[in-house]
Every structure is written in structure tokens, then in C-alpha cells.
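# Topology and contacts: notes
Listed below, chain by chain, are the residues.
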Amino acid sequence: MLKIIVDQIKSVQVIATGSSSFELANKLNEPLTGRKYEMYLFPIAFAEMVTHNGLLEEKRTLEQRLIYGSYPEIIVNPTDSKEHIKLIANSYLYKDLFLLEQISKPVLLQKIVKALALQVGSEVNYNELSKLIQIDNKTVEKYIDLLEKAFVIFKLPALSSNVRNEIKKGKKIYFYDNGIINAVTGNFNPLPQRTDIGSLWENYIISERIKQLNIQQSEAESFFWRTTQQQEIDYIEKKKDQILACEIKWNTKTKYKIPVTFSTNYANVTPKMITPDTYEEFLL
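This structure is a prediction, so every number in the text was calculated from the model and none was measured. (Residues numbered from 1 in each chain as written. Predicted model: local features only at pLDDT ≥ 70, side-chain atom pairs only at ≥ 80, totals over all residues. Heavy atoms only, no water.)

## What about the pattern of salt bridges?
- Scanning the model with the defined rule gives 13 salt bridges in all.
- A salt bridge links Lys149 to Asp145; its shortest N-O distance comes to 3.1 Å. Pair noted here: Lys149 and Asp145 are both in helix α10 (residues 137-149), with a separation of 4 residues, about one helical turn.
- Among the residues examined, Lys149 registers a relative accessible area of 34% and is labelled partly exposed.
- For Asp145, a relative accessible area of 28% gives the class partly exposed. (Salt bridge = Lys/Arg side-chain N within 4 Å of Asp/Glu carboxyl O. Helix = DSSP H or I, 4+ residues; strand = E, 2+ residues; numbered from the N terminus. Buried < 20%, exposed > 50% of the residue type's maximum accessible area, 1.4 Å probe, protein only.)

Right, here's the structure in full:
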């Protein structure tokens, strides 16, 4: 049954997460009469796979998801995951964007994608990226904007009010699919051999949460929080006057306490630790 569903999704997903979605968003500006509905189809979500496979089976595939992601081809043909995700990255990430936007320097876009993949979970500074890649800020900003519109990446802004020393204009960038991260960095090593497991885990949890919020059509807003003194909360979800403050850790023995600066300046805060032992309740 899943194969039938996935085969159907394959043709639709090009519209939602490939070049066609970008084209629809940027090339067509026809007026809409009556109601307007927007639908996003991301790589298949954890919650959707649990509905099909059951929770225990989907949790068993966690390492596969962290390394190769959740595109339909990967789910249907897991034995050829490496070949398929490299093909998706090379054709979808680059070729279609080059064709649609007639990007003059494709190598620069590839460098930007790789740089973003190598700093998942860290704040992204356009000035630092421009120096690293040796291009101007406007080009960096343009290419990141293209990647966001093509549903390759998404931004997580900093939460701020009037608290002293808060980072107010920071942003983190995550990938909608973990497999793309590993494809562009060329690292498909198993988890015990990874030095970046923390960032892979953080990207997976946040991207899956974003998918689930979209499926639920939730009005919740997503942020991260940090101060200049390096107090930080990985992921914050704000819905009306309620705040969910999440620490995302691969180590299941990590203890979590909300930074005092945050707890004294924000009300109605619920802390949550997300590890491989507890993540399913956060993504369902």
C-alpha cells in the first residue's frame, strides 16, 4: 500500500518540493478569485510513517532517517538510499534552480549549500558566509532566498522581547530533509562514527516538528533563543500566550533546566527535553 501511495506522491512532490513549486511561487502571478488554498508537501513526515508502519517499526529506522532522510525514493528503496539521495541532491538542488533562475555562478550556490549543511544548528551570519565563499552579501542573501523558496531550507528566527542581551536579529537555517545534508557534505558514515550527531539530531527533530505543525495547520510560531552570554534554548514554540521551550539532545542522560534569564522574563513556559527516548511524543 505504501508503494502505491509513494508512487502517487512522487509525481505530486515535484510540484511541492522541487523546481515547479519554485516556478509557481515566483513565475506565475495570475489573480485568484474566491478562496485561495496553499498546500505544502514536504518529505514524508515521521507521523505519517508511524500511521503506516507503526511506532516501533518507525523508531527502528531512526538511523536510516537521520542519514538518508525521508524522500519517497528512500523509503521505497532503502537498500539504494545513498544512490537515490545523491541523485536527488545533484538534480533537484542544483540543476532545476540553475535552469529556472539562470544562475551565473553555479559553483557558488553549491558552496553556500555545503556551508549551510556544515553549520546546521548554529546561527548563520551572512557576512561570515560571504567572506568564506568570497562573494558579496547580496549574492549570499539571494541564493539563500532561492533555496528557501525551493523548499530546500527554512529559517528559524530568534525570539526576543525587551530582555537585555538577547540576540534579536539572529537566525538559524535548517534543511527540510536530513539526507540532503549528508549528500552535500558527502558524509554517510553510521551514527557511532559521526562527530556531528548533535546537529543531525537537532535538524531532524525541528524539521519533523515543522512538518507536523503544517499537517495540523497549527498557528504556533517557531523560534530559537540565545543571549550574548551564550544562554540558549534550541527550539521555542509560541502559541498565543503559551511557550514551549525545548532542549534537543542526542544524549539521553542530559539534564535540562531553562536558563534563569528566560524563565524570569517569559511567562507560561513549559520546558521539554527531547532525546531518542522521548522524541515520538513531540512529533505525533
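## Considering the packing of aromatic side chains
- Tallied over the entire structure, the rule returns 11 aromatic pairs.
- Ring geometry for Phe46 versus Tyr279: centroids 5.3 Å apart, planes at 55 degrees, classification tilted. On the criterion of sequence distance, the pair formed by Phe46 in helix α3 (residues 46-53) and Tyr279 in helix α14 (residues 279-283) is long-range, its members being 233 residues apart. Accessibility classification places Phe46 together with Tyr279 in one group, the buried group.
- With centroids separated by 6.2 Å and ring planes inclined at 20 degrees, the aromatic side chains of Trp201 and Tyr204 adopt a geometry described as stacked. (Phe/Tyr/Trp six-rings, centres within 6.5 Å; stacked < 30°, edge-to-face > 60°.)

## Brief notes about helix α11 (residues 178-185)
- Burial analysis of α11 places 7 of its 8 residues in the buried class, the great majority of the element.
- Every buried residue belonging to α11 is among Asn178, Gly179, Ile180, Ile181, Asn182, Ala183 and Val184, and all of these are buried.
- The opening residue of α11 is Asp177, an N-cap whose side-chain oxygen sits 3.0 Å from the backbone nitrogen of Gly179.
- Taken from the residues just after α11, Gly186 is the one with a positive phi, measuring 75 degrees. (Polar contact = N/O pair within 3.5 Å; in protein donor to acceptor, adjacent residues only side chain to side chain.)

## Thoughts on the sheet that holds strand β3 (residues 221-226)
- Strands sit in the order β3-β4-β5-β6 across an open sheet of 4 strands; the sheet is mixed. Every other strand in the sheet has two partners, leaving β3 and β6 (269-274) as the edge strands with one partner each. Each neighbouring strand pair of the sheet contributes to a mean axis angle of 30 degrees, computed without reference to strand direction.
- Pairing of strand β5 (residues 242-248) with β6 involves 6 bridges; the strand directions are parallel. Across the sheet, residue Ile243 finds its bridge partner in β6, namely Val269. (Pairing = 2+ DSSP bridges. Axes fitted to C-alpha atoms, helices over the stretch in contact; angles between N-to-C directions.)

Keep in mind these values describe shape, not function.
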